[in-house]
Amino acid sequence: MPAREVLAGLDIGTTKIACLVAEIESGQPPKISGIGIHPSEGLRKGVVVNLEKTTNSVIKAVEDAELMSGTKIDSVFCGIAGDHIKSINSRGVIALSKAEDEINSFDVEKVIEAAKALAIPQDREIIHVLPQEFCVDDQSGIKDPVGMSGVRLEAEVHIVTGAVTSAQNIYKSVRRAGLEIKELVLESLASSYALLYPEEGELGVVLIDLGGGTTDIAIFYEGSIRHTAVIGLGGKNVTNDIAFGLKTPTDYAEELKKNYGCAFVRSVDADEMIEVPGVGGREPRELSRSVLASIIEPRVEEILEFCLREVKRGECFEDLTSGVVLTGGGSLMEGVVELAEKVFDMPARVGRPKGITGLTEQASSPIHSTGVGLILYGQKHKKELNQKEGGKFKKIFKYLKSCFSEYF
Ligand SMILES: Nc1ncnc2c1ncn2[C@@H]1O[C@H](COP(=O)(O)OP(=O)(O)OP(=O)(O)O)[C@@H](O)[C@H]1O
Ligand SMILES: [Mg+2]
């Protein structure tokens, strides 16, 4: 019988904390068996600012997911975002001992280590080192050099770093909730596992997650990640603009945005009227929906223009043939696809999580792209993680054996 295990993804977002549980059976898509969501109160712009509130929300989201799935969650793949995230491309080279010997996984590990040897400020830590391609002697564009022969191995990698304190605060709040973090994963990287078709990643695509507090960008080209960035603006800014513009409390503004919001004024019928709830006993009033859209459009356009600026900083802007994939809660807004097509002058679509079974109706909302992506990332990388951990134990065991060898 195939081995069955349980994997959990924890998306610590600015507006919600979501825990997704899935049953994993080898060769099968993950079966989502539990989803717990709780409003997030301890975060600002994707960064934990209140440990206690975050821990409490994590506990509640995890409890709900456990109850729904009937499984106990001990460890999670956990997302990280926030505008402290920075990324760079780097290159490492090693000489191979004998040309006739085949390149093995240790050589690959060594060349990636060499590419990692950068001066990283003390207050930052490496979150990911993502190989883009390898070069053996003069042959470039190699995805997996294991088994090839050569005298020189080169690796091009994408390095994602984050503020040590921000990562530690995520670790702390999750540990205080009684959970172990198997791996911290950049949220946009996780989402890409749930949204992108392989051919999109090959041809060139930009993934934009319009969240509540942050907008995350990831560019893929020729099957590898090329650029990542996090912008400290999101749906909350849109809501605040509505509250300010219509002089209405934030809660009402949020409801108006979700129910009637549109990010593309041109597609709204000028005669369409909506009702704005009265505040403090006042009568509700009527408002043209295009007025609401004219508050929303400039802010969403500003966010998308920041994204465009970031995308242009990456090297492959001209090559992004597959255009833009929008996800996160903000992608549920009417007119956002049209606006993105105008700003980027490229085709755009909304990305919904795919490649899962089970509770698909709930899990395929764009607000769960990160949560589902964390599970798919976990499924793909758990073997490496176990090997790494196994390797770590082997090294410790070897070290201990060498220490005690004189006594045995
Ligand atoms: N139907 C909708 N129309 C417009 N906006 C929406 C809609 N539904 C949700 N949103 C907005 O999406 C945002 C929440 O999205 P999401 O759940 O992806 O964010 P998050 O993961 O909590 O935050 P972040 O990723 O920034 O840390 C909120 O600002 C919310 O107002
Ligand atoms: Mg999010």
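Quick summary incoming for the structure in this document. Keep in mind it's a predicted model, so treat the numbers as computed, not measured.

### A short note on the pairing of strand S8 (residues 124–136)
Relative to strand S10 (residues 152–163), S8 runs antiparallel, the two being bridged by eleven bridges. Directly across from Val-129, in S10, lies its bridge partner Ile-159. Here S8 pairs with strand S9 (residues 139–142) via two bridges, running antiparallel. Considered in S9, the bridge of Phe-134 is made with Ile-142. Between the antiparallel neighbours S8 and S9 lie two residues, among them Asp-137 with a positive phi of about 50°.

### Section: the state of the cysteines
Going through the model one piece at a time under the given rule, you end up with zero disulfides. Free of any disulfide, Cys-78 has its nearest neighbouring cysteine sulfur in Cys-19, separated by 9.7 Å. The exposure class of Cys-78 is buried, given its relative accessible area of 0%. Cys-135 takes part in no disulfide bond, and the closest cysteine sulfur to it belongs to Cys-316, at a distance of 18 Å. We classify Cys-135 as buried; its relative accessible area is 15%.

### Observations concerning the packing of aromatic side chains
Think of a pair of aromatic rings as described by two things: how far the centres are apart, and how the planes are tilted against each other in angle. Counted according to the given criterion, the structure contains two aromatic pairs. Ring centres of Phe-77 and Tyr-377 lie 6.3 Å apart, and the angle between their planes is 65°; on these two criteria the pair is classed as edge-to-face. With Phe-77 in strand S6 (residues 75–80) and Tyr-377 in helix H11 (residues 369–404), the pair connects residues that are 300 residues apart, well separated along the chain. For Tyr-377, a relative accessible area of 4% puts it in the buried group. Through a chain of ring-to-ring contacts, the aromatic side chains of Phe-77, Tyr-193 and Tyr-377 assemble into a single cluster. Lys-354 extends its terminal NZ or CZ atom over the ring of Tyr-197, reaching a point 4.5 Å from the ring centre.

### Overview of the environment of Lys-53
Examined against the element boundaries, Lys-53 turns out to sit in helix H1 (residues 51–69). For Lys-53, a relative accessible area of 40% puts it in the partly exposed group. Along the primary structure Lys-53 and Glu-305 are separated by 252 residues, whereas in three dimensions their C-alpha atoms are 33 Å apart. Excluding residues within four positions of it along the chain, Lys-53 makes contact with Glu-41 and Gly-42.

### Quick word on the sheet that holds strand S14 (residues 224–231)
The strand order across the open sheet formed by five strands is S14-S13-S12-S17-S18, and the pairing between neighbours is mixed. A single partner strand is all that each edge strand has here, and the edge strands are S14 and strand S18 (348–350). Sheet twist, expressed as the average angle between the axes of neighbouring strands with direction ignored, equals 20°. Pairing between strand S12 (residues 205–210) and strand S17 (residues 324–327): four bridges, direction parallel. Pairing of Leu-207 across the sheet is with Val-325, part of S17. Helix H8 (residues 289–313) contacts S12, strand S13 (215–221), S14 and S17 of the sheet and is inclined by roughly 145° relative to S14. Packing against the sheet, helix H9 (residues 336–344) makes contact with S12, S17 and S18, and its axis sits at approximately 150° to S18.

Here is what the cut-offs are and how they apply
- Residues numbered from 1 in each chain as written.
- Chains lettered and ligands numbered in written order.
- Predicted model: local features only at pLDDT ≥ 70, side-chain atom pairs only at ≥ 80, totals over all residues.
- Heavy atoms only, no water.
- Pairing = 2+ DSSP bridges.
- Helix = DSSP H or I, 4+ residues; strand = E, 2+ residues; numbered from the N terminus.
- Disulfide = S-S within 2.5 Å.
- Buried < 20%, exposed > 50% of the residue type's maximum accessible area, 1.4 Å probe, protein only.
- Phe/Tyr/Trp six-rings, centres within 6.5 Å; stacked < 30°, edge-to-face > 60°.
- Lys NZ or Arg CZ within 6 Å of the ring centre and 35° of its normal.
- Contact = heavy atoms within 4.5 Å.
- Axes fitted to C-alpha atoms, helices over the stretch in contact; angles between N-to-C directions.

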